[in-house]
Amino acid sequence: MNTQEITIAGKSKKPLKIKRFGYGTMRLTGEGIWGEPKNRPEALQILKSCIDNGIRFIDTADYYGEDVPNRLIKEALYPYPAELVICTKVGGARKPDKSWIPFNSPENLRVSIDNNLKTLKLEQMPVVHFRAFGGKGAPFKESMDAMFELQKEGKILHVGVSNVDPDELQTAMKMGNIATVENMFGHGQRTSLKHPWGDVSKGGEEILAICEKNEIPLVPYFSLFHSMPKKDDRISTIAKKYNATEVQINLAWLLHRSPWILPIPGTSSLKHFEENLKATGIKLSEEDMKFLD
């Protein structure tokens, strides 16, 4: 894989330097982000291929599955390479009907961290994102206080946040060092989006400037989920120019949009995983980026 490096928590005493391309494990679960994958051997092979291809940032959560990706990660990769950064998310949980709910009180967060550590067989999580649920559940500052307390206890190396607006990000930054931000961001959907069921996915465009100014990597989720269905003619035009797929151009756009963006495209297909990797070798020109803007 040929792509530049990015530093996580560069201002801390224990920065993490990795290639600027990761993998998100959400799609390794069954239908509805629940249960075991349809093709378990292929899921394990994808995780092994991450390591073989230089990927050292793997994004997960114990409420995917539930806990399915974490178990797959342990089975495929343990004992882990020393430089591997496993990043999990806490703050949410699943009900028996598979709905998503806040799980963000200090007690909840401790349970989630301990569960991640146990399943992954780790003594310390390298990076943990607190996933905000738009004012639902515990107050944001109370949850962040708990995150930094767990960091002081040594259960978390670096604290990040997810699904935050600019005010929430600034609040978190005043409370402690924020290593990474995981918000929704892609060529087809850059700003916050309110879903029909009432939840809001906070956009990356609103907080990207803050991340760049403070050298905080932005980890985009749903970078392809909203982009691909829109069938943007500009993307298809550039794809033809480079004899690439539209997915690859969407990922290449992210890599060129800012040196502080760390894409984590997820897939349950080994073929698609290998195709995604090729996006790191596409060099878009300034004219291409202006055209895609």
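Just above sits the structure.
Since the structure is predicted, the reported quantities are computational estimates derived from the model, not experimental observations.

Enquirer: What is the right way to look at the nonpolar core in this model?
Expert: Taken as a class, soluble globular proteins show a tendency for nonpolar side chains to be buried jointly. In this structure, Leu 47, Leu 77, Met 144, Leu 169, Ile 178, Val 181 and Ile 249 are the most contacted members of the largest nonpolar core, which totals 69 residues. Setting aside chain neighbours within four positions, we find Ile 178 in contact with Met 144, Phe 148, Val 159, Gly 160, Val 161, Leu 169, Ala 172, Met 173 and Ile 216. In this structure, Ala 9, Ala 179, Val 219 and Leu 262 belong to the second largest nonpolar core, which totals 15 residues.

Enquirer: I keep staring at the side chain of Arg 20 and nothing clicks. Help me out?
Expert: Looking at the secondary structure, you find Arg 20 in the loop between strand S2 (16–19) and strand S3 (23–24). For the buried Arg 20, which has no salt bridge, the nearest side chain bearing the opposite charge is Glu 212, at an N-O separation of 9.0 Å.

Enquirer: Is there a simple way to explain the packing of helix H4 (residues 140–152) against helix H5 (residues 166–175) in this structure?
Expert: Between two packed helices, what matters for the description is the angle formed by their axes and the separation of those axes. Running from N to C, H4 and H5 cross one another at 40°; their axes reach a closest spacing of 10 Å. Between H4 and H5, the angle is such that the two are oblique. Crossing handedness for the pair H4 and H5: right-handed. Of the residues in H5, those in contact with Phe 140, Lys 141, Met 144, Asp 145 and Phe 148 of H4 are Glu 168, Thr 171, Ala 172 and Met 175. Its residues assigned to classes, the contact of H4 with H5 comprises 5 nonpolar, 1 polar and 3 charged.

Enquirer: Help me out: how do you make sense of the pattern of salt bridges in this one?
Expert: One side chain can pair with another of opposite charge once the charged atoms of both are near each other. Following the criterion strictly, the structure yields 14 salt bridges and no others. Across the pair Glu 36 and Arg 71 runs a salt bridge whose closest N-O atoms are separated by 2.9 Å. Here Arg 71 lies in helix H2 (residues 68–77) and Glu 36 lies in the loop between S3 and helix H1 (40–52), a separation of 35 residues in the sequence. Residue Glu 36 is classed as partly exposed on the basis of its relative accessible area, which comes to 38%. Residues Glu 182 and Lys 89 are paired through a salt bridge, measuring 3.8 Å at the closest nitrogen-oxygen approach. Linking Glu 182 in strand S9 (residues 178–184) with Lys 89 in strand S5 (residues 85–94), this pair joins segments that are 93 residues apart in sequence. Here Lys 89 falls in the buried class, since its relative accessible area comes to 3%.

Enquirer: Looking at this structure, how should I read the pairing of strand S6 (residues 100–103)?
Expert: Along any regular strand the residues' side chains alternate between the sheet's two faces. Pairing of S5 with S6 involves 4 bridges; the strand directions are antiparallel. Each bridged residue has a counterpart across the sheet, and for Ala 93 the counterpart in S6 is Ile 101. Between S5 and S6, which pair antiparallel in sequence order, lie 5 residues; one of them, Lys 98, sits at a positive phi of approximately 75°.

Analysis parameters
- Residues numbered from 1 in each chain as written.
- Predicted model: local features only at pLDDT ≥ 70, side-chain atom pairs only at ≥ 80, totals over all residues.
- Heavy atoms only, no water.
- Core = buried A, V, L, I, M, F, W, Y, C linked by side-chain atoms within 4.5 Å.
- Buried < 20%, exposed > 50% of the residue type's maximum accessible area, 1.4 Å probe, protein only.
- Contact = heavy atoms within 4.5 Å.
- Helix = DSSP H or I, 4+ residues; strand = E, 2+ residues; numbered from the N terminus.
- Lys, Arg positive; Asp, Glu negative; His and termini not counted.
- Salt bridge = Lys/Arg side-chain N within 4 Å of Asp/Glu carboxyl O.
- Axes fitted to C-alpha atoms, helices over the stretch in contact; angles between N-to-C directions.
- Parallel < 35°, antiparallel > 145°, perpendicular 65-115°, else oblique.
- Left-handed = near helix turned anticlockwise from the far one by under 90°.
- Nonpolar A, V, L, I, M, F, W, Y, C, P; charged D, E, K, R; others polar.
- Pairing = 2+ DSSP bridges.

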